[in-house]
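# Per-entry structural report
Below are the chains, spelled out letter by letter.
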Amino acid sequence: MGCVSTAATVHGRLVLGIIHLSFTEKNLIGKISGKELKVATMHEWLLEMMEFDDAFITLPGGFGTLEEIFQIVSWAQLNIHQKPIGVLNVNGFFDSLLPFLDHVVEQKFITQLA
């Protein structure tokens, strides 16, 4: 997160890091460029992201990352937002997830537009 925020700041973008308190308590985040907003719950974190973010880009990560992207996509399907959503497939990180999503479309649980 620190590298991304630094790169954005260097290129003249405003950065707001919305950070769950557990990340700061365990020192899991490096230096964030820009402003920081610390939140106590994941629900609060997601609501703040929804309010302040112009778009959502998913980078490689673990369960929290997967939860985030699926929550954001679900909210888009429910017309809670129409913000752009992207997945940055660094070094093929998401290659095994994409066929699964194709399978879910084939089974008609989600649409191709999702």
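Here's a quick rundown of the structure.

### Details of the overall build of the protein chain
From N to C terminus, the protein chain includes five helices and four strands. Starting at the N terminus, the α and β elements of the protein chain follow one another as α-β-α-β-α-β-α-β-α. In the protein chain, which comprises 114 residues, the share counted as buried stands at 24%. Summarising the internal contacts of the protein chain: among those between residues at least 6 apart in sequence, 50% fall at separations of at least 24.

### Some details on the pairing of strand E1 (residues 16-20)
Counting buried positions along E1 yields four of five residues, so the element is predominantly enclosed. Sheet topology places E1 next to strand E2 (residues 35-39); five bridges connect them, and they run parallel. Bridging across to E2, His 20 finds its partner in Val 39.

### Section: the layout of surface pockets
Estimated volume of the largest pocket: approximately 1400 Å³. Contributing to the lining of the largest pocket are 36 residues, with Val 4, Leu 16, Met 49, Asp 53 and Ile 57 lying nearest its centre. Those elements giving two or more residues to the lining of the largest pocket turn out to be helix H1 (2-10), E1, helix H2 (21-25), helix H3 (42-52), strand E3 (56-58) and helix H4 (63-77). The class makeup of the residues in the lining of the largest pocket is 22 nonpolar, nine polar and five charged.

### A word on the packing of aromatic side chains
Throughout the structure, instances matching the rule amount to one aromatic pair. Ring geometry for Phe 93 versus Phe 94: centroids 5.0 Å apart, planes at 85°, classification edge-to-face.

Conventions used here
Residues numbered from 1 in each chain as written. Predicted model: local features only at pLDDT ≥ 70, side-chain atom pairs only at ≥ 80, totals over all residues. Heavy atoms only, no water. Helix = DSSP H or I, 4+ residues; strand = E, 2+ residues; numbered from the N terminus. Buried < 20%, exposed > 50% of the residue type's maximum accessible area, 1.4 Å probe, protein only. Contact = heavy atoms within 4.5 Å. Pairing = 2+ DSSP bridges. 1 Å grid on protein atoms, 1.4 Å probe; cavity = no way out; pocket = protein on both sides within 12 Å on 5 of 7 lines; lining within 4 Å. Points joined across faces, edges and corners; volume = space filled by probe spheres on them. Nonpolar A, V, L, I, M, F, W, Y, C, P; charged D, E, K, R; others polar. Phe/Tyr/Trp six-rings, centres within 6.5 Å; stacked < 30°, edge-to-face > 60°.

Functional significance is not addressed by these values, which are geometric in nature.
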